[in-house]
Amino acid sequence: MDLHRYVTVELQSLLKSSHRVTPELVYQEFEPYFGLNVDPESIFRELEHLESRGFISMENDNLSLTDEGRRIAHETMISFSFHEGYEISVRSETDRTFLHREHGELGIVGLTDELQRDFLVEALGRCQQPILDLGCGDGSLTNILSTRSGRALAGIDISQDALDLASSRFPEIAFFRHSMDELPDYGREVGSFLAVDSLYFVQSLEKTILDMAEIVKRKKSRSTEGFGMVMVFSTYGMEGMNTELLKPWNNPLGKILRTIFPEKALEYTDFTCSELDVWSGKLDLLNQLKDEYYRENTAYLFWDRSNEVSLMAKVCQNKLNSRYGYCVRLAEC
Ligand SMILES: C[S@@+](CC[C@H](N)C(=O)[O-])C[C@H]1O[C@@H](n2cnc3c(N)ncnc32)[C@H](O)[C@@H]1O
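These figures come from a predicted structure and were not determined experimentally.

K.L.:
What should I look at first to understand the overall build of the protein in this one?
P.N.:
On a plain count of helices and strands, the protein comes out with 13 helices and nine strands. For the protein, the spread of C-alpha atoms along the principal axes amounts to about 70 × 45 × 40 Å. Looking at the protein as a whole, 39% of its 333 residues are labelled buried. In the protein, 70% of the contacts between residues at least 6 apart in sequence involve partners at least 24 apart.

K.L.:
Is there a simple way to think about unusual backbone geometry in this case?
P.N.:
Excluding glycine, most residues fall at negative phi; most peptide bonds, likewise, are trans. Here Q129 and P130 are connected by a cis peptide whose omega angle stands at -10 degrees. Structurally, P130 can be placed in the loop between α7 (114–124) and β3 (131–134). Even without being a glycine, D197 presents a positive backbone phi close to 55 degrees. Summarising the element assignment, D197 is placed in the loop between β6 (192–196) and α10 (205–219). Residue D197 is classed as partly exposed on the basis of its 17 C-beta neighbours within 10 Å.

K.L.:
How should I be thinking about the pairing of strand β7 (residues 227–236) in this particular structure?
P.N.:
Across a regular strand the side chains alternate sides, sitting on one face of the sheet and then on the other. Taken across its 10 residues, β7 has nine buried, putting it largely inside the fold. Here β7 pairs with strand β9 (residues 321–329) via nine bridges, running antiparallel. Bridging across to β9, S234 finds its partner in R323.

Scoring rules and cut-offs
- Residues numbered from 1 in each chain as written.
- Predicted model: local features only at pLDDT ≥ 70, side-chain atom pairs only at ≥ 80, totals over all residues.
- Helix = DSSP H or I, 4+ residues; strand = E, 2+ residues; numbered from the N terminus.
- Buried ≥ 20, exposed ≤ 12 C-beta atoms within 10 Å, placed from the backbone.
- Contact = placed C-beta atoms within 7 Å.
- Pairing = 2+ DSSP bridges.

Structure, rendered in structure tokens:
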């Protein structure tokens, strides 16, 4: 076991959910978090080690992350959730219940609910093939959409851990490691693009959209009916934000689409209302299962999910969010 990764993840999670985090608390919570029994000395040694590397600071027994520590902890958390976190999830009965109830009929995959998946299936049915799913993650959505639409989909993602999962679960779909920042020269192969909840992570939205348009244009064949790009994009704001930014053509993606393409090239569908249901549903379900996660010593899964979910549910309750599906017509790419 890589104690360094476990302690970093637990520490970050505790700091998000509690005002005062002490070395003693990290030790006390370790077993309920991960279901692993480790002696106190090794936990305290690990905390000292993190402090000596400048990742945490410890004042009067109060732990906090430094700026560098926050960056490292964030990276560790992402890689952990695809790797050790996934293994914990696989052994957890409670998480199976959560995922089953969440993903069951009318459930949620990633952040898309049934309504959005219907929209995507319909839009993909009008895309030229093959369709490249940008930021496909563990491939769950790629698989559902490919099965339901009957279209040929392949996926790229930057995370090898996510791709390993995707390839082992859905061997009939091709998944490649690649960044959206430098789209591969797939000019001959890719007919159109899908990007669901992934464009937030690109370095330059404008460059990625222009690259997509360029690739689609090269493939554009006899038929120019239908779409060259299908995207789903949310905006989440803070108290006091300018709510104009929530409008479809004012958020970062909508604005860029409007500057690159003529108006007649673009269509959007508003999914803002279903966002609140998605996040509140996840939160209710998690809270119902909290005690079971603790009983089972997999509290990591509860906190990993609920830190994000409770923040997002609050944002949506305050109407500081928007979510749109965008389609770009092939003819205008
Ligand atoms: C929120 S997930 C969305 C997953 C999936 N599309 C869905 O809706 O369920 C975002 C994905 O984008 C990936 N990602 C982040 N930056 C990326 C990049 N520069 N290039 C490719 N993938 C990236 C992440 O690894 C993650 O799997």
